[in-house]
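Here is how the chains run, residue by residue.
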Amino acid sequence: MADHKQLPELLKSPAVQLPSKSELTQISDDLRLKCSEAEIDAFHEHFKGTLKAYQRVNEIAEPQLPVKYPRTPGHKETKDSSWYWRCDIKGVDTGKLAGKTIGIKDNVAVAGVPMMNGNKHLEGYTPEFDATVITRILDAGGRILGKTTCEDLCLSGSSWTASTGPVPNPYCATRSAGGSSSGSASLVARREIDMAIGGDQGGSIRIPSSWCGTVGHKPTFGLVPYTGAVPIEMTVDHLGPITRTVEDCALFLEVLAGYDNGTDPRQHPGIVVPPYSSLLSKGVSGKRVGILIEGFDGVDGDVSTCVREAAYRLQEAGAVVEEVSVPLHADGLDIWTPVCFEGAYNMMIQGNGNGQNWKGHYCLSMQEALARGYNLRPQDFSMPCKLLAVFSEYMSRNYQNKFYAKAQNLTRLLTQAYDQALRKFDVLVMPTLPFTASVLPTSETSLSETIRLTFGMIKNTAPFDSTGHPALSINAGRIDGLPVGMMFVGRHFDDVTVLQMAYAFEQIRDKSA
């Protein structure tokens, strides 16, 4: 037999093509570096060695996220726009979620099930891995019935941008279900499923929960791992539960929360996950509720009245309810805007869904699929995504990251302002959204009005994505048959108090219904 040790190294296809000297010169000219001919020669020679490292990186097998339970691909849903893909994946027979049916927002990877993230560029992509929250759901006995529709790249607070079509509000078909977790909230509200995963960067769990009348909780930043979900911007990405009841919300959070062994750099190894569901009944007697004055600015009068009256009803549970002012809240949306707009452009579009400069697990197949789609048909972006790309590229070319950086610095001031108020109050309360569900745009709606309908509702939700405080929306009542959301905001990692307050209100509300 041949001695393989004596054979010469076989020619391999290069992972990265060696650039020509003329290509390096062109790059130098584009970047205005004025590299000399001698420098270009030296760089070219040096790159021969550098690319050996890239070749070796390409050859080493990378760690994979686990896939623990069998599944079949299922089928694309064409009759119900709230679903993107139907499947049936069962976990263990016992556990906290045994008997619960669950929908997964389609920005979260489920192995073997096609994934679109509401976006034409990902059509045809099927991940080979499970997001961490998927494994936790199945380990707890949950049953996944499908992928729920979400907005195009999750960049909309309304529910009309998904490439598979608009998602109507369950209470009025001409109005928005809210976005970007549109399908998740709609299906829970319609009792098609018990629970759903939502994602939240500017309010995308709480917006559809407000307009569909569900309970939607954006956990403390870093409490629930984001591993295996398509990011928008690393510093505002959250995953969390959407349910019909606070008890189910607390139970679901118990399953989703906790440290993910370093795959998500937003998490601290010392995260403690309390038994949220068993702590709900401790009550809120003596707890202090701060009605955030600035949270009612610019809110429709009937919505303002509904939420204010609902908040004061917590006195029936023994809570102390008073008004509080946090003036910087009025600037919260402005502070969030450069971070989410420019950050999303750099990470999700320019960075092909992964970006750079963070430790953790990078989903390479997802990145490659996005890159192929973006390069092949950039014109297929939805109008809000085009708006973000054009504006953020302009800011990058002309202001070189200045306002993104300053907004991140100002986020610390905003965080401190809320923390100061939360030293006196256990929770802050305000309307989740300034108005009830808006109409879905039609072909006759102007572009300016369509943009307003897409982003015009996030003044109270977006600031808490920047600061990372836990924030929950619960139905406070209805106006003309449409749900009105009330939002509780708490201290970092004190999600249990937020849930307790929502549970106390739910008991009062439902007793008098």
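What you see is a predicted model, and the numbers here were worked out from it, not measured in a lab.

(A) Spotlight on the overall build of the protein. Tallying secondary structure elements over the protein gives 15 helices and 14 strands in all. Radius of gyration (C-alpha) of the protein: 24 Å, near the 24 Å computed for a compact globule of 513 residues. Partitioning the intrachain contacts of the protein with sequence separation of at least 6 by distance along the chain shows that 76% fall at a separation of at least 24. When the accessible surface of the protein is summed, it comes to about 22200 Å², and 53% of that surface belongs to carbon and sulfur atoms. With 49 positive and 56 negative side-chain charges, the protein shows a spacing of 2 Å between the two charge centroids.

(B) Representation of helix α15 (residues 495-511). Relative to the 24 Å expected for 17 residues at 1.5 Å per residue, α15 spans 24 Å between its end C-alpha atoms, a close match to the ideal helical length. Within α15, 13 of the 17 residues are buried, which leaves the element mostly enclosed by the surrounding structure.

(C) Representation of helix α9 (residues 332-349) in the model. With 18 residues, α9 extends 25 Å between its outermost C-alpha atoms, agreeing within 8% with the 26 Å of an ideal straight helix rising 1.5 Å per residue. The buried count for α9 comes to 14 of 18 residues, which makes it a mostly enclosed element.

(D) Just the layout of surface pockets, in detail. Here the largest pocket is characterised by a volume of approximately 500 Å³. Lining the largest pocket are 14 residues, with V57, N58, I60, E62 and L364 sitting closest to its centre. Broken down by element, the residue count for the lining of the largest pocket peaks at three residues, all from helix α2 (residues 37-59). The residue inventory of the lining of the largest pocket, partitioned by class, reads nine nonpolar, four polar and one charged.

(E) Region of the structure containing empty space enclosed by the protein. Scanning the entire structure with this criterion turns up four cavities of 30 Å³ or more. Approximately 160 Å³ is the volume attributed to the largest cavity. The wall of the largest cavity is formed by 18 residues, among which C154, S156, G202, W336 and F455 lie closest to the centre. Those elements giving two or more residues to the lining of the largest cavity turn out to be α9 and α13 (447-455). If you tally residues by element for the lining of the largest cavity, the top one is α9, at three residues. Estimates place the volume of the second largest cavity at around 110 Å³. Forming the walls of the second largest cavity are 17 residues, and the residues nearest its centre are Y226, A229, R266, W358 and H361. Here the residues of the lining of the second largest cavity are counted per class, giving nine nonpolar, six polar and two charged.

(F) A look at the pairing of strand β10 (residues 288-292). Within β10, four of the five residues are buried, leaving the element largely enclosed by the surrounding structure. The pairing of β10 with strand β11 (residues 320-324) spans five bridges and is classified as parallel. Looking at β11, one finds that R288 is bridged to V320. Note on the crossover from β10 through helix α8 (residues 301-312) to β11: the handedness is right-handed.

(G) How the structure looks around the state of the cysteines. According to the stated counting rule, one finds zero disulfides in the structure shown. Counting only cysteine sulfurs, C154 is the nearest neighbor of C150, a cysteine outside any disulfide, at a range of 4.0 Å.

(H) Focus on a nonpolar patch on the surface. A cluster of nonpolar side chains, contributed by I27, L31 and L33, occupies part of the molecular surface with about 300 Å² of accessible area. With respect to the secondary-structure elements, I27 resides in helix α1 (residues 21-30). Owing to a relative accessible area of 45%, I27 belongs among the partly exposed residues under this scheme.

(I) Geometry of the pattern of salt bridges. Under the definition given, this model contains 28 salt bridges. Where E77 meets R86, a salt bridge forms, and the shortest distance between an N and an O atom there is 3.6 Å. Here R86 falls in the partly exposed class, since its relative accessible area comes to 23%. Residues D106 and K147 are paired through a salt bridge, measuring 2.7 Å at the closest nitrogen-oxygen approach. Pair noted here: D106 is in the loop between β3 (101-105) and α3 (132-139) and K147 is in strand β4 (residues 143-148), with a separation of 41 residues, a long-range link. Accessibility classification places D106 together with K147 in one group, the buried group. In this structure, a network of salt bridges that share partners links the residues D80, R190 and E192.

(J) Local environment of the packing of aromatic side chains. This model, assessed by the stated rule, comprises ten aromatic pairs. Residues Y84 and W85 carry aromatic rings whose centres are separated by 5.7 Å and whose planes lie at 55° to one another, so their mutual orientation is tilted. W85 carries the same exposure label as Y84, and that label is buried. Ring centres of Y374 and F381 lie 5.2 Å apart, and the angle between their planes is 40°; on these two criteria the pair is classed as tilted. Classification of Y374 by relative accessible area gives buried; the value is 7%.

(K) Focus on the packing of helix α11 (residues 383-399) against α13. Close contact between α11 and α13 brings their axes to 11 Å; oriented N to C, the two are set at 90°. By the angle between their directions, the pair α11 and α13 is classed as roughly perpendicular. Mapping the contact onto sequence places M383, P384 and L387 in α11 and L447, T450, I451, T454 and F455 in α13. A breakdown of the residues in the contact of α11 with α13 according to their chemical character gives six nonpolar, two polar and no charged.

Rules used in this analysis
Residues numbered from 1 in each chain as written. Predicted model: local features only at pLDDT ≥ 70, side-chain atom pairs only at ≥ 80, totals over all residues. Heavy atoms only, no water. Helix = DSSP H or I, 4+ residues; strand = E, 2+ residues; numbered from the N terminus. Rg over C-alpha atoms; globule rule 2.2 N^0.38 Å. Contact = heavy atoms within 4.5 Å. Areas by Shrake-Rupley, 256 points an atom, 1.4 Å probe, with all protein chains shown as cover. Lys, Arg positive; Asp, Glu negative; His and termini not counted. Charge placed at Lys NZ, Arg CZ, Asp CG, Glu CD. Expected span 1.5 Å × (residues − 1). Buried < 20%, exposed > 50% of the residue type's maximum accessible area, 1.4 Å probe, protein only. 1 Å grid on protein atoms, 1.4 Å probe; cavity = no way out; pocket = protein on both sides within 12 Å on 5 of 7 lines; lining within 4 Å. Points joined across faces, edges and corners; volume = space filled by probe spheres on them. Nonpolar A, V, L, I, M, F, W, Y, C, P; charged D, E, K, R; others polar. Pairing = 2+ DSSP bridges. Right-handed = clockwise from strand over helix to strand, strands pointing away. Disulfide = S-S within 2.5 Å. Patch = residues over 30% accessible without salt bridge, like charges linked within 9 Å, V, L, I, M, F, W, Y side chains within 5 Å. Salt bridge = Lys/Arg side-chain N within 4 Å of Asp/Glu carboxyl O. Phe/Tyr/Trp six-rings, centres within 6.5 Å; stacked < 30°, edge-to-face > 60°. Axes fitted to C-alpha atoms, helices over the stretch in contact; angles between N-to-C directions. Parallel < 35°, antiparallel > 145°, perpendicular 65-115°, else oblique.

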